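Listed here are the chains, written in short residue letters.
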Amino acid sequence: MGNTTYDVIIVGAGPAGCMTAILLSDVFNVLIIERQKLPRSKSCSGILIEKSVKLIREYVGEIPEYVQCIPRKTTGLSVTTSSDTFDFSDNGLNIIRAEFDYWLTKEAQKKEAEVIEEANISGIRRGKNITVEVYQGQDVRELETKLLIACDGINGCSRRLLGVVKQKKVITYQKFYKGTIDMDATKFYAYTSPEFSKYDAWINSKDGMLVIGVIAEKKTEAQHYHEKFIEFLIKTKNLRISREVDEEIWFLPLVVPEPDLVFNNDNIFFAGEAAGLLNPFGEGISLALSSAIALAGSCKMHKHKLSQYDSIADGYKNLMSKELAYMKRQWDFLMRFAPEFQHNIKNLRGI
Ligand SMILES: Cc1cc2nc3c(=O)[nH]c(=O)nc-3n(C[C@H](O)[C@H](O)[C@H](O)COP(=O)(O)OP(=O)(O)OC[C@H]3O[C@@H](n4cnc5c(N)ncnc54)[C@H](O)[C@@H]3O)c2cc1C
């Protein structure tokens, strides 16, 4: 890392950070700061819905086969409520998150974005420019930027460092098994019963493994829900487990219809999960990508006047308004067809 001044510094090499870097690097000098060693792991079901696939194809290119897993194609979501099962078809892709996100990082580097990994943001100071204090190994350095874009996800620290409203979060707990079940491997199955989860319980297939997960407030509660859900799948779907392979615990922003959205704090912008963006059933990659596209679009419209951050923020929010309206329509629909969701959401709001 030779430079110490940038037009744009992006925190986080997830889909939001990488897409922002890919779109801005032809106009600005851009640095991505990533806390983990790359390729980094990220707990995920790894479903790219059709909308995400389309955005990637339009703005980045064909998604390489090596980031995909078996079955490559996904065919949609099946939601089981207390009264019925609803199927929503969608032509998506089944991906390995670590590889997919790393591919996006490399695409950003091809566009000449600089990337530093295993580096952590530990301080942000505002002046005419923004000073970012970065720890990397034993080194602490100060970097200057005109715009800072926080794409550091639910586990990031940008909101805390800036004193911006804290994001509420829940625990996701998923386990990987070798085994068999009477289900279509191309589908993502969600169950809304409060017996199995604070929000939903799910099962999908990846590279010959069954991924079974639940949401809770605490790990012990998650383990309890998980056991109940496994019992249910054994009884109703003929689940047969031959071996447990892995276990993942992560966080998810509170999946509620009115999240704590923050798009900017003066000249510091937020995209993806750091902004609070998440669709029902925890689908967040499409919003990470679309918020990056909207923010980059607005920055480019103001490329000669990055200091006019109010105008950049207005442009960004304006470009995001359709996305937010769509998110709301999804919630309204969900609340109608899965009445127990109202119960789950009411409980989550109390967290
Ligand atoms: C169990 C689970 C399953 C999911 N399944 C799906 C799915 O199938 N499909 C889907 O669309 N969405 C899914 N999601 C949601 C999706 O993973 C997120 O919404 C998406 O990753 C958000 O992208 P992002 O770029 O905003 O943040 P992230 O992908 O979280 O990236 C943030 C990056 O910032 C880095 N970072 C954090 N703090 C710092 C710091 N201080 N300094 C530098 N770097 C930092 C992190 O290391 C990380 O690389 C799932 C989430 C969970 C938990």
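Parameters and conventions
Residues numbered from 1 in each chain as written. Predicted model: local features only at pLDDT ≥ 70, side-chain atom pairs only at ≥ 80, totals over all residues. Heavy atoms only, no water. Phe/Tyr/Trp six-rings, centres within 6.5 Å; stacked < 30°, edge-to-face > 60°. Helix = DSSP H or I, 4+ residues; strand = E, 2+ residues; numbered from the N terminus. Buried < 20%, exposed > 50% of the residue type's maximum accessible area, 1.4 Å probe, protein only. Core = buried A, V, L, I, M, F, W, Y, C linked by side-chain atoms within 4.5 Å. Near = heavy atom within 4 Å. Polar contact = N/O pair within 3.5 Å; in protein donor to acceptor, adjacent residues only side chain to side chain. Areas by Shrake-Rupley, 256 points an atom, 1.4 Å probe, with all protein chains shown as cover. Nonpolar A, V, L, I, M, F, W, Y, C, P; charged D, E, K, R; others polar. Domains from an automatic or database assignment. Salt bridge = Lys/Arg side-chain N within 4 Å of Asp/Glu carboxyl O. Contact = heavy atoms within 4.5 Å. Axes fitted to C-alpha atoms, helices over the stretch in contact; angles between N-to-C directions. Parallel < 35°, antiparallel > 145°, perpendicular 65-115°, else oblique. Left-handed = near helix turned anticlockwise from the far one by under 90°. Pairing = 2+ DSSP bridges. Buried area = accessible area lost by both parts, 1.4 Å probe.

Participant: I tried to follow the packing of aromatic side chains on my own but got confused; where do I start?
Facilitator: Any two aromatic rings considered together are summarised by their centre-to-centre distance and by the angle between their planes. Enumeration according to the criterion identifies 12 aromatic pairs in this entry. When the ring of Phe229 is compared with that of Phe232, the centres are 6.4 Å apart and the planes differ by 15 degrees; the resulting orientation is stacked. With Phe229 and Phe232 both in helix 5 (residues 219–237) and three residues apart, this pair spans about one turn of that helix. Classification of Phe229 by relative accessible area gives buried; the value is 0%. Put simply, the rings of Phe86, Phe88, Phe333 and Phe337 pair up and form one aromatic cluster.

Participant: How do you make sense of the nonpolar core when you look at a structure like this?
Facilitator: One recurring pattern in soluble globular proteins: nonpolar side chains tend to sit buried together. If you look at the biggest cluster of nonpolar residues, it comprises 75 residues, and the most contacted ones within it are Ile33, Phe100 and Phe270. It is helix 6 (residues 285–301) that provides the largest number of residues to this core, a total of 10 residues. Of all hydrophobic cores here, the second largest spans 22 residues; its members include Val256, Trp331, Met335 and Ile345.

Participant: How do you make sense of the site of the ligand when you look at a structure like this?
Facilitator: As a structural note, the neighbourhood of the ligand is formed by 38 residues, with Glu34, Arg40, Arg97, Asn120 and Glu273 the closest of them. Take Arg35: an N or O atom from its main chain is 3.0 Å from a nitrogen atom of the ligand. Burial of the ligand by the protein amounts to 96% of the accessible area it has alone, namely 1000 Å². At the level of secondary structure, the elements contributing two or more residues to the shell around the ligand comprise helix 1 (15–24), strand 7 (119–126), strand 14 (240–253) and helix 6. Looking at the shell around the ligand, its residues break down into 17 nonpolar, 13 polar and eight charged. Each of domain 1 (5–70 + 95–167 + 255–340) and domain 2 (169–253) accounts for three or more of the residues forming the shell around the ligand.

Participant: In this structure, what is going on with the pattern of salt bridges? I would like to understand it.
Facilitator: Between side chains of opposite charge, a pair can form when the charged atoms approach closely. On inspection of all chains with the given rule, the structure shows 16 salt bridges. Asp101 is the partner of Arg97 in a salt bridge, and the nearest nitrogen-oxygen pair spans 2.8 Å. Of the two residues, Arg97 and Asp101 both sit in helix 3 (residues 97–110), four residues apart, roughly one turn of that helix. Using a relative accessible area of 8% as the deciding quantity, one classes Arg97 as buried. We note a salt bridge from Arg125 to Glu142, for which the minimum N-O separation is 3.1 Å. Remark: Glu142 occurs in strand 9 (residues 139–150) and Arg125 occurs in strand 7; sequence separation between them is 17 residues. Through salt bridges with shared partners, one network takes in Arg40, Arg97 and Asp101.

Participant: Quick question: what am I supposed to make of the side chain of Ser25 here?
Facilitator: Tracing the backbone through its elements, the reader meets Ser25 in the loop between helix 1 and strand 2 (30–33). A distance of 2.6 Å separates the side chain of Ser25 from the backbone oxygen of Ala21, its partner in a polar contact. Not counting residues within four places of it along the chain, the set of residues in contact with Ser25 comprises Val30, Lys111 and Ala113.

Participant: Got a minute to help me understand the packing of helix 1 against helix 3 in this structure?
Facilitator: A pair of packed helices can be characterised by two numbers: the angle between their axes and the separation between those axes. Between helix 1 and helix 3, whose axes approach to 8 Å, the crossing angle comes to 20 degrees. In terms of orientation, helix 1 and helix 3 fall into the roughly parallel class. Between helix 1 and helix 3 lies a crossing of left-handed hand. Residues Pro15, Cys18, Ala21 and Ile22 of helix 1 form the contact with helix 3, whose own contacting residues are Arg97, Asp101, Leu104, Thr105, Glu107 and Ala108. For the contact of helix 1 with helix 3, the class distribution of residues is six nonpolar, one polar and three charged.

Participant: Hey, could you run me through the pairing of strand 9 in this one?
Facilitator: Working note: regular strand, side chains alternate between the two faces of the sheet. With six bridges joining them, strand 1 (residues 5–11) and strand 9 adopt parallel strand pairing. Pairing of Tyr6 across the sheet is with Thr145, part of strand 9. The pairing of strand 8 (residues 130–136) with strand 9 spans seven bridges and is antiparallel. Pairing of Glu133 across the sheet is with Glu142, part of strand 9. Hairpin remark: strand 8 followed by strand 9, antiparallel, with two residues in the connecting loop; positive phi at Gly137, about 60 degrees.

Participant: Whenever I open this one, the domain arrangement of the protein confuses me. Can you help?
Facilitator: How big an interface is tends to be stated in terms of accessible area lost as the parts join. Along its sequence, the protein is carved into domain 1 (5–70 + 95–167 + 255–340) and domain 2 (169–253). Taken over C-alpha atoms, the centre of domain 1 sits 28 Å from the centre of domain 2. Taken together, the contact pairs 25 residues of domain 1 with 20 residues of domain 2. Taken together, both faces of the contact between domain 1 and domain 2 bury some 2000 Å²; the carbon and sulfur share is 57%.

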